[in-house]
Every structure is written in C-alpha cells, then in structure tokens.
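In case you want the letters, here they are:
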Amino acid sequence: MMLLSGVYLLASLVALGLYGTDKAAARRDRRRIRESTLQLVALVGGWPGALLARRWFRHKTHKQPFGTILWGCVALNLGAVTWLAMADSAAGLRRLVALE
C-alpha cells in the first residue's frame, strides 16, 4: 500500500509539473508537451495531479476529447488497481482456505 501511495504521489507531482510547463508554453507560443504524454502520466497514477492541475492552471478544460480521454485514463487506472487488489486478496484467501 505504501508503494502504491508513493507511485500516485510521484506521478501526480509529475503531472502537476507537466501541466504547469505546458500552460506556460502555451501562453508564450512555445513548444508544447504532447497530449499523449499528459495522458500517459495520468494513466500510470498521476490522474489526481492531472485533475488538480487542470483546475489550478485552467488548462485543457475546453478541449473535450482530451477531457474524455483523461477520464478514461482515470477509469482504466482505478480498474487496474482494483483488479490487482482483488486478485491479491483472492490469492490470500485461497492460501488461507488451503491451510485449514
């Protein structure tokens, strides 16, 4: 659980930094960060930071396809974590039942 929390925290901080950097680049008409990069960070656990950054920086809020994909990344990440937690719990239960 501690490892998972660390991954979420680190990925969220990376997402915050990337969104802030991309927003600054957009204002200055400079090279931008690819949307696929922002979405990948969200998918691997940075979605809390990505959602927070969208609100704080008011960035990528009107671009609807991006928002839909971001929420898809949230759903996929939570689904994967839930599945892994359930699989781990089921394995633990099977071991417990095998001991009795």
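These figures come from a predicted structure and were not determined experimentally. (Residues numbered from 1 in each chain as written. Predicted model: local features only at pLDDT ≥ 70, side-chain atom pairs only at ≥ 80, totals over all residues. Heavy atoms only, no water.)

Could you give me a rundown of the overall build of the chain, with the residues and numbers involved?
The helix and strand inventory of the chain stands at three helices and zero strands. Listed by position from the N terminus, the elements making up the chain come as α-α-α. Expected size for 100 residues packed as a compact globule is a radius of gyration near 13 Å; at 17 Å, the chain overshoots this value by more than 25%. When its C-alpha atoms are laid out on the principal axes, the chain stretches across 65 × 25 × 20 Å. Out of the 100 residues in the chain, the part that is buried amounts to 30%. Sequence-distant contacts, at least 24 apart, represent 69% of the contacts inside the chain between residues at least 6 apart. Carbon and sulfur atoms make up 66% of the accessible area of the chain, which amounts to about 7200 Å² in all. (Helix = DSSP H or I, 4+ residues; strand = E, 2+ residues; numbered from the N terminus. Rg over C-alpha atoms; globule rule 2.2 N^0.38 Å. Buried < 20%, exposed > 50% of the residue type's maximum accessible area, 1.4 Å probe, protein only. Contact = heavy atoms within 4.5 Å. Areas by Shrake-Rupley, 256 points an atom, 1.4 Å probe, with all protein chains shown as cover.)

Break down the side chain of Asp22 for me, citing the residues and quoting the values.
Structurally, the position occupied by Asp22 is in helix α1 (residues 2-27). Separated by 2.6 Å, the side chains of Asp22 and His59 make a polar contact. In this structure, Asp22 is in contact with Arg32, Ile33, Leu38, His59 and Lys60, ignoring residues within four places of it in sequence. (Polar contact = N/O pair within 3.5 Å; in protein donor to acceptor, adjacent residues only side chain to side chain.)

Go over the nonpolar core with me, naming the residues and quoting the values.
Counting residues in hydrophobic clusters, the biggest one holds 15 residues, and the most contacted among them are Tyr19, Leu38, Ala42, Trp47, Ala50, Phe66 and Leu70. Those elements that place two or more of their residues in this core are α1, α2 (35-57) and α3 (64-99). Of all the elements, α2 adds the most residues to this core, at six residues. Setting aside chain neighbours within four positions, we find Phe66 in contact with Tyr19, Glu35, Leu38, Gln39, Arg54 and Lys60. (Core = buried A, V, L, I, M, F, W, Y, C linked by side-chain atoms within 4.5 Å.)

Let's hear about α1: which residues, and what values?
A rise of 1.5 Å per residue sets the reference length of α1, with its 26 residues, at 38 Å; its end C-alpha atoms lie 38 Å apart and thus fit the reference within 8%. Among all positions of α1, only Tyr8, Ala11, Ser12, Ala15, Leu16, Tyr19, Asp22, Lys23 and Ala25 are buried. (Expected span 1.5 Å × (residues − 1).)

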